[in-house]
Amino acid sequence: MATKCKDYNFLEIEPHWQSFWEKNHSFRSEPGTAKPKYYVLDMFPYPSGAGLHIGHPEGYTATDIVARYRRARGFNVLHPIGWDAFGLPAEQHAVKTGTHPASNTQNNIVNFRRQIKALGFSYDWDREVDTTDPKYFRWTQWIFLQLFKRGLAYVDERPVWWCPELRTVLANEEVVDGKSEVGGFPVERRNLRQWVLRITAYADRLLADLKDVDWPDSTKRMQEAWIGRSEGAEVLFELENRALGTLKIFTTRPDTLYGCSYMVLAPEHPLVDALTTPAQKAEVEAYRKKAAGKSDLERTDLAKDKSGVFSGAYALNPVNGARVPIWIADYVLMGYGTGAIMAVPAHDERDFEFAQRYALPIVQVIEAREGPTVLPYIGDGRVIHSGNYNGLDWPEAKKRITADLAGRGVGQPTVNFKLRDWLFSRQRYWGEPFPIVWINETDYRLAVARRGGDVPPSPVTFTSEGVTHYALPLPAGALPLELPSVQSYLPSGNGESPLANETAWLEIWLNFETGAAVPASQPRPAGAAWIRARRETNTMPQWAGSCWYYLRFTDPANAAALASPEALRYWGVPDLYVGGAEHAVLHLLYARFWHKVLFDLGVVPQSEPFTKLFHQGIILGEDGEKMSKSRGNVVNPDSIIASHGTDTLRLYLMFLGPLEAMKPWNPNGIEGVHRFLQKVWRECLDREGLVNPKITADPSADSAELIKLLHETIKKVGDDIEELRLNTAISQMMIFGNALQKAPSVSRATVLAFLQLLAPFAPHIAEELWSRLGEPQPISLAPWPTFDPAKLVSDSVKLVFQVNGKFRGDQLVPVGLPEDEAVKLAQSNAKISPHIAGKSIKRVIYVPGRILNIVVE
RNA sequence: GCCCGGGUGGCGGAAUGGUAGACGCUGGGGACUUAAAAUCCCCUGCCUGCAAGGGCAUGCCGGUUCGAGUCCGGCCCUGGGCACCA
């Protein structure tokens, strides 16, 4: 079974055991055993052309240690891996080379798989998934149809980032500092027809359910901030020109209503035209034009000074009838609240700044409880200058004023979210096609009447050149809708994807009952169900496939459902999910949203997908900078595997520091862990590769100290793995290794137990030595050793002596030594007595077994 | 600006309020060897002292405590996230 090498020849040992595990499907997960299940998941990678870099195996090694440990503890472990393989780089490569992105993607996957296998991870390779596989994205499309059917998907003209260079639309997160994240090209705003997912419908639940998950607090807070719930009121201001009706604003501080000295509308607000007086028309028009040309970025980050223009119109304050001027300013955004605010410069920094610039009145209505009130003041305090509400704490005033407004029908309590609906389409080729066709109203009514059931309550439509198009889903049975092969991967250039040029795929006769299609250039097939249709040319963003992959792993080959109800019930959701903090908001929020929709559909039995989340830190280059090709500081795991072996690499990655910390790669330290493994090898085998003669079958060969240390080590390594403190687990094993080396003799049982502890970290050498020591079954199937708490206690302990809190010496004392005897020991100890001699003892603090602190005058 | 982390030897880091620096790296000395490598042993925070020892040390200042890297308050530096959200 084992190799025959005399020395620790990792180049021979590691491939040997990797092929052993592969041949025996050692890590295949089978549902339906009596064992408890444990599902441990890595964020699956995008298989880039650059191959694996050292950051990937960091998290993967940690989860592999957990997976191997849990197997040893008797769990039925699900530990899968796959490929998040749609994405822009493959498409850009295709544009450049003219080869299909699928072939490039497959090449990259082959390379990633080879690299990952060389690291010896205990993945269940029978469960590999690939988001670009039609058998996979069939179900991505299916989930989209469920969202569509529930009215959670709609089409809207959206101003989106358009990058002329990439000839495509970018998501907000793909735009960094006004440039495309990929390539750094300039971008501009353009209005395009987009698919949007109504994630805001789930805002409340996405926020509330954060309390149920075991995630890093910082990540929870980031999601909370992103969702951005705020409670306030919508208030109606009557306009002085009654003909124009009322102006609805949102405020979180209705208690400051008496301090409102002007109003602001976003430049895009629909009332702007009607409100503006003739005298102000020209100025307002010019301002709106200028604002429209600005990106959000320019309106926010870059704008240091607020700007605005008076509309000439006035509104009436509902609490006191005061006449309030209405301004137009781009510091108010149309996309949040009602696009209109009441400005209270005394108690809002932005309003204050604006009021100062345009010399608008500032009316203080909150007073600090103590001391002077410096404006703008946003702290706690009492309401003043506010009629009947004077003297109330402002939160109380907020409640009362809101209630009073509601009673008069001019306001209501309102909750607003920062969260926006999710722009879900890309004008690209390399993504999941939408299983949607566009048809006319008559055909839509016909199809719905015949088919029913799978369309939203109100039809999704868009109107172009006076014609309204209706979105009809393909029948679920017609999925997957695959990508056609195309002549060119270049975007059409007019805002549509390359698919828009594939007329034979695009313009079709569709059988709405079966989903069958023939090109529209051919005669219409016979039968009432054939209608003229145009396919959707947008494709889905990369997030789509990664939103649900963790479910597919439970039943990856299922052709009848995204996974069987049995598999979803048995495996459930990951018990541990490990990945980078860079996904703290988007991926994790999107996946939670989809999961909740699937929960509402009854597809999954839990309402949250990731119960326990851990972020591994980033490994920086040797220079302390982020690893990147351009800096030339990228460390490739292949070269370390070749020079030191993967067991050394795995151990070193974990030994570098706390898993969650950001830490620089330091090649010097790798020798240390490599030496540790060689020491373990030498303690097990002699120079001829035979069992080290110091290892005997006799259990009494172990000293009492070694036995105690072994049990301490079993406890610490187990505890540390459960808490992902893998660096200190390795330290403890090194301490044991050093003790092993010093021991003149050792029992075989002790060595075997130690190898079991090492096995999750350095599985190849552990298998090899385990086998060489004569164990017939692989160590990967062996149970975790147990520690005996009785072995952890000894009859003497080291007691630390302090005088006035300063360390003055220590001594071994019997367990349970009474205080007075401890004091006597201190007094008779030559190192301690000089510090207390001739002084009066004021106080003695005694923590048995730990410390004796004598406080003297 | 707001919200989170983090500041400990030459380096990576370790420390339930109880000897700060485990473990590893680096450096120095020694053993083994014809020699080297490998391996093993000792030393390796700073200052002072021949030594025994003493003093100072966990970013800075203060506080709580018999005792603080750890708890509290205020700063400084640094990394990350968000950003006119009414």
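It should be noted that the structure appears before, not after, this text.
Residues numbered from 1 in each chain as written. Chains lettered and ligands numbered in written order. Predicted model: local features only at pLDDT ≥ 70, side-chain atom pairs only at ≥ 80, totals over all residues. Heavy atoms only, no water.

Chemist: Help me out: how do you make sense of the sheet that holds strand 35 (residues 851–856) in this one?
Modeler: Pairing is mixed in the open sheet, where four strands are placed in the order 33-32-35-34. The open sheet has two edge strands with one neighbour each: strand 33 (806–814) and strand 34 (841–847). Taking the axes of each pair of neighbouring strands and ignoring which way they run, one obtains an average angle of 20° across the sheet. Against the sheet, helix 27 (residues 819–828) contacts strand 32 (796–803), strand 33, strand 34 and strand 35, and its axis sits at roughly 115° relative to strand 34. (Pairing = 2+ DSSP bridges. Helix = DSSP H or I, 4+ residues; strand = E, 2+ residues; numbered from the N terminus. Axes fitted to C-alpha atoms, helices over the stretch in contact; angles between N-to-C directions. Contact = heavy atoms within 4.5 Å.)

Chemist: Just to check I follow, could you spell out the pattern of salt bridges for this structure?
Modeler: A pair can form between side chains of opposite charge whenever their charged atoms are brought close. For the structure on display, the rule yields 46 salt bridges. Taking the shortest distance from any N to any O, the salt bridge between glutamate 240 and arginine 323 comes out at 2.4 Å. In this pair, glutamate 240 sits in the loop between strand 10 (229–239) and strand 11 (246–251) while arginine 323 sits in strand 14 (residues 323–329), placing the two residues 83 residues apart along the sequence. In this structure, glutamate 441 and arginine 445 form a salt bridge, with 2.8 Å as the shortest nitrogen-oxygen distance. Residue glutamate 441 and its partner arginine 445 are located together in helix 13 (residues 441–451), separated by four residues, close to a single helical turn. (Salt bridge = Lys/Arg side-chain N within 4 Å of Asp/Glu carboxyl O.)

Chemist: Teacher, can you tell me more about the sheet that holds strand 2 (residues 76–78) here?
Modeler: Strands pair in a sheet through their backbones, by hydrogen bonds, and they do so in one of two ways: parallel or antiparallel. If you trace the four strands from one edge of the open sheet to the other, you get 2-1-26-27, paired in parallel fashion. The two strands at the open ends of the sheet, each matched to only one other strand, are strand 2 and strand 27 (613–614). Of the pairings in the sheet, the one linking strand 26 (residues 576–578) to strand 27 comprises two bridges and is parallel in character. Each bridged residue has a counterpart across the sheet, and for tyrosine 577 the counterpart in strand 27 is leucine 613. This element, helix 2 (residues 55–72), spans strand 1 (37–42), strand 2 and strand 26 of the sheet and lies at about 170° to strand 1.

Chemist: What am I meant to see in empty space enclosed by the protein here?
Modeler: The gaps left among the atoms become clear once a water-sized probe is rolled over them. Tallying each qualifying case throughout the model produces one cavity of 30 Å³ or more. Quantified by volume, the largest cavity comes out at close to 130 Å³. Contributing to the lining of the largest cavity are 13 residues, with Arg68, Ala72, Ala759, Ile779 and Ser780 lying nearest its centre. Take the lining of the largest cavity: its biggest share by element is three residues, from helix 2. By residue class, the composition of the lining of the largest cavity is eight nonpolar, two polar and three charged. (1 Å grid on protein atoms, 1.4 Å probe; cavity = no way out; pocket = protein on both sides within 12 Å on 5 of 7 lines; lining within 4 Å. Points joined across faces, edges and corners; volume = space filled by probe spheres on them. Nonpolar A, V, L, I, M, F, W, Y, C, P; charged D, E, K, R; others polar.)

In short, shape yes, function no, at least from these values alone.
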